[in-house]
Amino acid sequence: LGTATLRDITIREPHEGTSLAVIREAKVSVDLSSLLRGDVVVDHIALAGVTGDVVIGGADDNIDDIVQQLSGTANEPTEATNKGGRGRVSGATVSVSDVAVRVAHRATGSTSQLSAANVNVDAERTVTMTGVDISAQASRDGQLASVELVSATVVATRDSAVSLNAGGMRTNSSDPRLHTMLAESSVGLLYVERVRGQRGDWEWHAMGSFDSSREPAPGNKTAESFLVSVSSPFAGTHEVRVQGKNLKLARFAPLLASYPQLELEQATASVEWTVHANGEGVSVDGETYLDGLQFSH
């Protein structure tokens, strides 16, 4: 009573009719008191087993259809009249389990996949995703590179603020030189955050540590960590800031194999660089600190 269950739902493109997404099961819970008033007010929507395929570029491109479907739904009135009654879903909470979305980019040949154990949308339209795994592969000049995020939590609020906290990031490459370097560069912790101001300015932060046992923090002076910040403080102005602390140069040894006189085993680097761009030009400012670098000649 008060719950409707739908199974094996297929969402198709409006023209070609090919599948955009499949939902194994959907349960819709209705406020029973609203039925007495002749309304249908949806309290909660629970989805399970959601799979989808997104294609960018090529003859089977469907990204435009997906955007149109989402924007069309968002622009519909929140109350619809049907035989004298009204239906409201704008305030409903949503929970989704077992999500898998595949993305293919035909022009570059890159593919990616996102899976999430749980997705929740509360009444304030804050989206929380837990148990998120993201993997991506790209090829160029016959070389294959991949990146993978594991055990991530993603939170997105209605004002477009986004944060991602991942348990780790793994990278790989079929290029022998990059393979060794990337295999040694797996990130133990990764945190990404987008902050949006009231004037339309925005800023992205990405920070992480190469040691999963040491969380990057301002007070930790020995952890190997990095921070990348991309921001637009004013219209037409962009700034990129890169910080790295105690970065081990030994991980870059495969790229410097032709320079045997460099001894990188004990070498570390700390960097802080800022690139500022606007309509008048680009300025670069920063410094690099090296410690323990040895030369043999």
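Here the structure is a predicted model, which is why all the values come from computation and not from measurement.

Conventions adopted
- Residues numbered from 1 in each chain as written.
- Predicted model: local features only at pLDDT ≥ 70, side-chain atom pairs only at ≥ 80, totals over all residues.
- Heavy atoms only, no water.
- Helix = DSSP H or I, 4+ residues; strand = E, 2+ residues; numbered from the N terminus.
- Buried < 20%, exposed > 50% of the residue type's maximum accessible area, 1.4 Å probe, protein only.
- Contact = heavy atoms within 4.5 Å.
- Areas by Shrake-Rupley, 256 points an atom, 1.4 Å probe, with all protein chains shown as cover.
- Pairing = 2+ DSSP bridges.
- pLDDT = per-residue confidence, 0-100.
- Patch = residues over 30% accessible without salt bridge, like charges linked within 9 Å, V, L, I, M, F, W, Y side chains within 5 Å.
- Salt bridge = Lys/Arg side-chain N within 4 Å of Asp/Glu carboxyl O.

J.: What's the story with the overall build of the protein chain in this structure? I'm lost.
T.: From N to C terminus, the protein chain includes three helices and 19 strands. By residue count, 26% of the 297 residues in the protein chain fall in the buried class. Across the protein chain, the fraction of contacts at a sequence separation of at least 24, relative to all contacts at a separation of at least 6, is 43%. If you sum the accessible surface of the protein chain, you get close to 18,400 Å²; carbon and sulfur atoms cover 54% of it.

J.: Sorry if this is basic, but what is going on with the pairing of strand β7 (residues 110-121) here?
T.: Every regular strand shows the same layout, with side chains that alternate between the two sheet faces. Bridge analysis of strand β6 (residues 93-105) against β7 gives 11 bridges, and the strand direction is antiparallel. Across the sheet, Ser95 pairs through a bridge with Asn120, a residue of β7. Counting the residues that bridge the hairpin from β6 to β7 gives four residues, and of these Gly109 lies at a positive phi of roughly 75°. The sheet contact formed by β7 and strand β8 (residues 127-140) spans nine bridges and is antiparallel. Opposite Val121, over in β8, you have Val127 as the bridge partner.

J.: I'm lost on the confidence of the model for the protein chain in this one. Help?
T.: Low pLDDT means the predicted coordinates in that region are not meant to be read closely. Counting all residues, the mean pLDDT for the protein chain is 80, and 80% of those residues have values of 70 or more. By mean pLDDT, strand β4 (residues 79-82) is the weakest element of the protein chain at 45, and strand β18 (residues 281-291) is the strongest at 94. Long-range and interchain partners of residues 73-84, a stretch whose pLDDT sits below 50, account for 10 contacts in this model, where long-range means more than four residues apart.

J.: Explain a nonpolar patch on the surface to me, please; I cannot follow it from the model alone.
T.: Together, Val228, Val240, Val242, Trp273, Val275, Val282 and Val284 make up a nonpolar patch on the protein surface, roughly 520 Å² of accessible area in all. Mapped by element, the contributors of at least two residues to the nonpolar patch are β15 (238-248), β17 (268-278) and β18. The exposure class assigned to Val275 is partly exposed, which follows from its relative accessible area of 31%.

J.: I tried to follow the side chain of Ser95 on my own but got confused; where do I start?
T.: The topology assignment puts Ser95 in strand β6. Non-local contacts of Ser95, meaning those with residues more than four positions away in its chain, are made with His44, Ile45, Ala46, Leu47, Val119 and Asn120.

J.: Explanation requested: the environment of Ser90 in the structure shown.
T.: Mapping Ser90 onto the fold places it in the loop between β5 (85-88) and β6. Separated by 47 residues in sequence, Ser90 and Asp43 place their C-alpha atoms 9.3 Å apart.

J.: Mind showing me how you'd approach unusual backbone geometry here?
T.: Most peptide bonds take the trans configuration, and most residues that are not glycine carry a negative phi. Its identity as a non-glycine residue notwithstanding, Arg125 has a phi of 65°, on the positive side. Looking at the secondary structure, you find Arg125 in the loop between β7 and β8. The phi dihedral of Asn246 falls on the positive side, at around 55°, and the residue is not glycine. Mapped onto the elements of the fold, Asn246 is located in strand β15. For Asn246, a relative accessible area of 21% gives the class partly exposed.

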